[in-house]
Amino acid sequence: DQYRTIIDRIDSEIIEALKQRMEAVDQIGRIKQKNHVTVLQRERMADLIQKRMKLGTSYGLKENYIKELYDIIHSESVKHQTELIATIGKKNKKSS
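Residues numbered from 1 in each chain as written. Predicted model: local features only at pLDDT ≥ 70, side-chain atom pairs only at ≥ 80, totals over all residues. Heavy atoms only, no water.

Visitor: Sorry if this is basic, but what is going on with the layout of surface pockets here?
Guide: Vacant regions in the atomic arrangement are exposed by a probe of water-molecule size rolled over the atoms. Taken as a whole, the largest pocket encloses approximately 380 Å³ of empty space. As for the largest pocket, its lining consists of 14 residues, of which Ile14, Leu18, Leu69, Tyr70 and Ile73 are closest to the centre. The residue makeup of the lining of the largest pocket, split by class, is 11 nonpolar, 1 polar and 2 charged. Volume-wise, the second largest pocket comes out at about 280 Å³. Lining the second largest pocket are 14 residues, with Ile28, Lys32, Arg44, His74 and Gln81 sitting closest to its centre. Within the residue set of the lining of the second largest pocket, elements represented by two or more residues are α1 (2-34), α2 (42-58) and α3 (63-95). Counting residues per element, the lining of the second largest pocket draws most heavily on α1, at 5 residues. Of the residues in the lining of the second largest pocket, the class split is 7 nonpolar, 4 polar and 3 charged. (1 Å grid on protein atoms, 1.4 Å probe; cavity = no way out; pocket = protein on both sides within 12 Å on 5 of 7 lines; lining within 4 Å. Points joined across faces, edges and corners; volume = space filled by probe spheres on them. Nonpolar A, V, L, I, M, F, W, Y, C, P; charged D, E, K, R; others polar. Helix = DSSP H or I, 4+ residues; strand = E, 2+ residues; numbered from the N terminus.)

This is the structure in structure tokens:
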């Protein structure tokens, strides 16, 4: 039971960190929209995943585990920014 409590606490921390990450993704999306930058930055993502895999393996985690996690996280980030930019674009058209 003690270890399940620890896992529950860690899971809550993970969810909070993902929320904070998505808030940063949102702000980056707004900057990208304002500066007409494409949502998907392949080179940036490849670099990020490589760095996260290296960090993960330094903690004894499997490289593929980290890659799969970041593929999911990145995919959701791209989807969120794409939807955000589309929403902002619609609002801008209505106010024009």
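Visitor: Looking at this structure, I do not really get the pattern of salt bridges. What am I missing?
Guide: Two side chains bearing opposite charge may form a pair once their charged atoms approach each other closely. Under the counting rule described, the total for this entry stands at 6 salt bridges. In this structure, Arg30 engages Asp26 in a salt bridge whose closest nitrogen and oxygen atoms are separated by 2.9 Å. Separated by 4 residues within a single helix, Arg30 and Asp26 lie in helix α1, roughly one turn from each other. The exposure class assigned to Asp26 is buried, which follows from its relative accessible area of 14%. Its salt-bridge partner being Lys51, residue Asp47 comes within 3.2 Å of it at the nearest N-O pair. Residue Asp47 and its partner Lys51 are located together in helix α2, separated by 4 residues, close to a single helical turn. (Salt bridge = Lys/Arg side-chain N within 4 Å of Asp/Glu carboxyl O. Buried < 20%, exposed > 50% of the residue type's maximum accessible area, 1.4 Å probe, protein only.)

Visitor: Got a minute to help me understand the nonpolar core in this structure?
Guide: Nonpolar side chains in soluble globular proteins generally cluster together in the buried interior. Membership of the largest hydrophobic core is limited to 7 residues, which are Met45, Leu48, Ile49, Met53, Ile66, Tyr70 and Ile73. Among the secondary structure elements, those contributing two or more residues to this core are α2 and α3. The dominant element in this core, judged by the number of residues it contributes, is α2, at 4 residues. If near-sequence neighbours (up to four positions away) are discounted, Met53 is found in contact with Glu63, Ile66 and Lys67. (Core = buried A, V, L, I, M, F, W, Y, C linked by side-chain atoms within 4.5 Å. Contact = heavy atoms within 4.5 Å.)

Visitor: Just checking my understanding: could you explain the packing of α2 against α3 for this structure?
Guide: How two helices pack is summed up by the angle between their axes together with the distance between the axes. Packing of α2 against α3 brings their axes to within 9 Å, and their N-to-C directions diverge by 140 degrees. Between α2 and α3, the crossing angle belongs to the class labelled oblique. For the pair α2 and α3, the crossing hand works out as right-handed. For the pair α2 and α3, the contacting residues are Met45, Leu48, Ile49, Arg52, Met53, Gly56 and Thr57 in the first and Glu63, Ile66, Lys67, Tyr70, Asp71 and His74 in the second. Its residues assigned to classes, the contact of α2 with α3 comprises 6 nonpolar, 3 polar and 4 charged. (Axes fitted to C-alpha atoms, helices over the stretch in contact; angles between N-to-C directions. Parallel < 35°, antiparallel > 145°, perpendicular 65-115°, else oblique. Left-handed = near helix turned anticlockwise from the far one by under 90°.)

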